[in-house]
Amino acid sequence: MARCPSHLTLTPSPTMASLAGAASSRLFPSTYRARISLSSPASSSSLSPLSLSSSSSYSFAPLKCLLTSPLAPHFFLNQRASSMSTVAAASDLAQLKSAREDIKELLKSKFCHPILVRLGWHDAGTYNKNIEEWPKRGGANGSLRFEIELKHGANAGLVNALNLLQPIKDKYSGVTYADLFQLASATAIEEAGGPKIPMKYGRVDVSAPEECPEEGRLPSAGPPNPADHLQEIFYRMGLNDQEIVALSGAHTLGRSRPDRSGWGKPETKYTKNGPGAPGGQSWTAEWLKFDNSYFRDIKERKDEDLLVLPTDAVLFEDPSFKVYAEKYADDQEAFFKDYAAAHAKLSNLGAKFDPPQGILLDGVAGEKFVAANYSTGKD
């Protein structure tokens, strides 16, 4: 999963269109700050697959966007004055379905697939399986909407994703932030040509910034010991080596911008013309298409214009990861199958569902979240 390991950092632009471009940052680390920052075509500067995201806890550039984005003040004002102050006990099925259609239209116009994936990963990726109590355990609970968590280094640029989704949240008050973030993430994968994710909804939102997790739970893009770092971060979430590698495959989407994440080239032949705001360095040539090219390109390393972070390279160097990376490079069907399961599991981490069994949009049953399934809470 190491790719949330980013889902990285995005810098806000003056217009919504540029924000969309900025949205193209990687998943987790910012998770990779470079990686996990799954950025959308418009702006893939964050890394982090958890850059899952891109971007989790990789090194990131200062979160300038929070201070300079013309939309940030509006977002935080809205956060305090409107629906942010009202926590829905559960999401509404009809509104969830309508919100999904609006997200599809947003993706078509803003090319923000990577940053929406990163947003979902970073909200869920703070989960600690050794803590039973909600919301102290972190996870998919909508806490990333609060400024204090947005300012975490791994989340640089994600204010752009929030600004993109806020109109949809305002329109559908019966959808929680926790559900909206995960709905957007799964929809972005599917709309980019990826597998159908067996999602369920009904996540309850935390109600105050005091309930946000402490900083430091997300992955980083260039740690001293990449394999150990990925395992430390993702094992804490209850994820295994296969899931780490499968989730890292989401880096097939997005790009990294050195001015935001500290990683990648300012521009390459694949990013100089956009879509969205031009620039940055992508992991793959077709960085808005979800397939297994990430694994093939890392394995071959034939193109200097494609990004390979330390947390990417280690997938083919460490024996624990290599067996899965080799498999996914050769078999896209196997990758899609394992990725879909890992993404769904990540999206449920730490969540409290109402109703407890969750809400299904497409008749695909999901596992009820039970902390004991991941840990006794005593280890």
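Up top is the structure these notes are about.
About the cut-offs
- Residue numbering note: each chain is counted from 1, following its sequence as written.
- It should be noted that, the model being predicted, local features are given only for residues of pLDDT at least 70 and side-chain atom pairs only at 80 or more, the latter also being counted only at that level, while totals for whole chains, interfaces and linings use all residues.
- Side-chain figures throughout are based on the complete set of non-hydrogen atoms in the structure, without hydrogens or water.
- In DSSP terms, a helix is any run of H or I states spanning at least four residues, a strand is any run of E spanning at least two, and both are numbered starting from the N terminus.
- In this analysis, the expected span of each helix is defined as 1.5 Å times one less than the number of residues it contains.
- The distinction between a cavity and a pocket rests on a 1 Å grid over the protein atoms alone: a 1.4 Å probe fits inside a cavity but cannot get out, while a pocket stays open yet meets protein on both sides within 12 Å along at least five of seven lines, and a residue with an atom within 4 Å of a point counts as lining.
- Grid points are joined across faces, edges and corners, and a volume is the space filled by probe spheres set on the points.
- Amino acids outside the nonpolar list (Ala, Val, Leu, Ile, Met, Phe, Trp, Tyr, Cys, Pro) and the charged list (Asp, Glu, Lys, Arg) are all regarded as polar, and Gly is one of them.
- Just to be clear on terms, a salt bridge is a Lys or Arg side-chain nitrogen sitting within 4 Å of an Asp or Glu carboxyl oxygen.
- Throughout, exposure labels follow a simple rule: accessible area from a 1.4 Å probe, protein chains only, divided by the maximum for the residue type, with under 20% read as buried, over 50% as exposed, and the rest as partly exposed.
- Here an axis means a line fitted to C-alpha atoms, over the contact stretch when the element is a helix, while the angle between two N-to-C directions is reported on a 0 to 180 degree scale.
- The scheme is simple: roughly parallel for angles under 35 degrees, roughly antiparallel for over 145, roughly perpendicular for 65 to 115, oblique for anything else.
- By definition, any crossing whose near helix is turned counterclockwise from its far helix by less than a right angle is left-handed, and any crossing with a clockwise turn is right-handed.
- In what follows, a contact means two residues having at least one pair of non-hydrogen atoms within 4.5 Å.
- The rule is short: rings of Phe, Tyr and Trp, with Trp giving its six-membered ring, pair when the centres are within 6.5 Å, and they are stacked under 30 degrees, edge-to-face over 60, tilted in between.
- The criterion for a charge sitting over a ring is simple: Lys NZ or Arg CZ within 6 Å of the ring centre, and within 35 degrees of the ring normal.

Novice: Can you walk me through helix α8 (residues 177–191) in this structure?
Specialist: Each α-helix turn comprises 3.6 residues. Residues three or four places apart therefore point the same way. With 15 residues, α8 should reach 21 Å at 1.5 Å per residue; the first-to-last C-alpha distance of 21 Å fits that figure. One or two positions beyond α8, positive phi appears at glycine 193, with a value near 100°.

Novice: Help me understand empty space enclosed by the protein in this model?
Specialist: With a probe scaled to a water molecule rolled over the atoms, the places where space remains empty come into view. Considering only enclosed or pocket space, the largest cavity measures out at about 90 Å³ in volume. Lining of the largest cavity is provided by 13 residues; of these, Arg100, Ile197, Met199, Tyr201 and Asp362 occupy positions nearest its centre. Ranked by the residues each element gives to the lining of the largest cavity, the list is headed by α8, at 4 residues. Residue composition of the lining of the largest cavity, by class: 8 nonpolar, 1 polar and 4 charged.

Novice: I tried to follow the pattern of salt bridges on my own but got confused; where do I start?
Specialist: Charged atoms that come close allow side chains of opposite charge to pair. Following the criterion strictly, the structure yields 18 salt bridges and no others. Here lysine 136 ties to glutamate 133 by a salt bridge, and the two come within 3.8 Å at their closest N and O atoms. Classification of glutamate 133 by relative accessible area gives partly exposed; the value is 46%. Ionic contacts of the salt-bridge type, sharing partners, join the residues Arg100, Glu190, Lys196 and Asp362 into one network.

Novice: Would you take a moment to explain the packing of helix α5 (residues 113–124) against α8 for this structure?
Specialist: A pair of packed helices is characterised by two quantities: the angle between their axes and the separation of those axes. Contact geometry of α5 with α8 gives a least axis separation of 8 Å together with a crossing angle of 140°. Accordingly, the angle class assigned to the pair α5 and α8 is oblique. As α5 packs across α8, the resulting crossing turns out to be left-handed. Contact with α5, carried on its side by His113, Leu116, Val117, Leu119, Gly120, Trp121, Asp123 and Ala124, involves Ala178, Phe181, Gln182, Ala184, Ser185, Ala188, Ile189 and Glu191 of α8 and no other residues of that element. In terms of residue class, the contact of α5 with α8 is built from 10 nonpolar, 4 polar and 2 charged.

Novice: It is not clear to me how the packing of aromatic side chains should be interpreted in this structure. Could you clarify?
Specialist: Within this structure, the stated rule accounts for 11 aromatic pairs. Ring geometry for phenylalanine 290 versus phenylalanine 336: centroids 5.7 Å apart, planes at 50°, classification tilted. Pair noted here: phenylalanine 290 is in the loop between β2 (281–282) and α12 (293–300) and phenylalanine 336 is in helix α15 (residues 332–348), with a separation of 46 residues, a long-range link. An identical accessibility class is assigned to phenylalanine 290 and phenylalanine 336; each is buried. Taking 5.6 Å as the distance between ring centres and 50° as the angle between the ring planes, the aromatic pair formed by tyrosine 328 and phenylalanine 335 counts as tilted. Taking relative accessible area as the criterion, tyrosine 328 reaches 0% and is therefore assigned buried. Ring pairs connect the aromatic residues Trp121, Phe290, Tyr294, Phe295, Tyr328, Phe335, Phe336 and Tyr339, which therefore count as one cluster. In this structure, lysine 200 is placed above the aromatic ring of phenylalanine 353, and the distance from its NZ or CZ to the ring centre is 4.3 Å.

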